[in-house]
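Now for the letters of each chain:
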Amino acid sequence: KKTLDIMLQGGVQVELRTTIVPMLVYKKEDILSIANSLKEYGVNAYVLQQFRPEGGCLDKKYESYASPPREYLLDVASEVAMRGIARAFNFDAGCG
């Protein structure tokens, strides 16, 4: 939070990202809570990244996780946008 405060107070434009990983960061209400907190801080660019285990992960246990459906990410992203945060998507995030 401190780093974010310093950057925003200094006029630095930031883009924050969350990789959507089933069984870790996936619940819509959690993602929307993050988006609400970012909006309160004044963050306008928030990227939802689609977890993709192809190609390997540093922690091998994640390689068995499925990628979240694109439709689910688009649904969550549209709700993020309704909160006044610019939508940005990255559907090729790799293992995040």
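Residues numbered from 1 in each chain as written. Predicted model: local features only at pLDDT ≥ 70, side-chain atom pairs only at ≥ 80, totals over all residues. Heavy atoms only, no water.

Moving on to the packing of aromatic side chains. In this description, a pair of aromatic rings is defined by centroid distance and the angle of the planes. A full pass over the atoms with the stated rule returns two aromatic pairs. Between Y26 and Y72, the ring centres sit 4.5 Å apart and the planes meet at 20°, which makes this aromatic pair stacked. Remark: Y72 occurs in helix 3 (residues 70-82) and Y26 occurs in the loop between strand 1 (15-20) and helix 2 (28-41); sequence separation between them is 46 residues. According to the relative accessible area criterion, Y26 is partly exposed, its value standing at 28%. (Phe/Tyr/Trp six-rings, centres within 6.5 Å; stacked < 30°, edge-to-face > 60°. Helix = DSSP H or I, 4+ residues; strand = E, 2+ residues; numbered from the N terminus. Buried < 20%, exposed > 50% of the residue type's maximum accessible area, 1.4 Å probe, protein only.)

Attention now moves to unusual backbone geometry. A positive phi angle is found at M23, which is not glycine, with a value near 75°. Position of M23 among the secondary structure elements: in the loop between strand 1 and helix 2. Using a relative accessible area of 72% as the deciding quantity, one classes M23 as exposed.

Residues of the protein with pLDDT of at least 70 account for 90%, and the chain-wide mean is 87. Here strand 3 (residues 86-90) stands out as the least confident element of the protein, with mean pLDDT 67; helix 2 is the most confident, with 92. (pLDDT = per-residue confidence, 0-100.)

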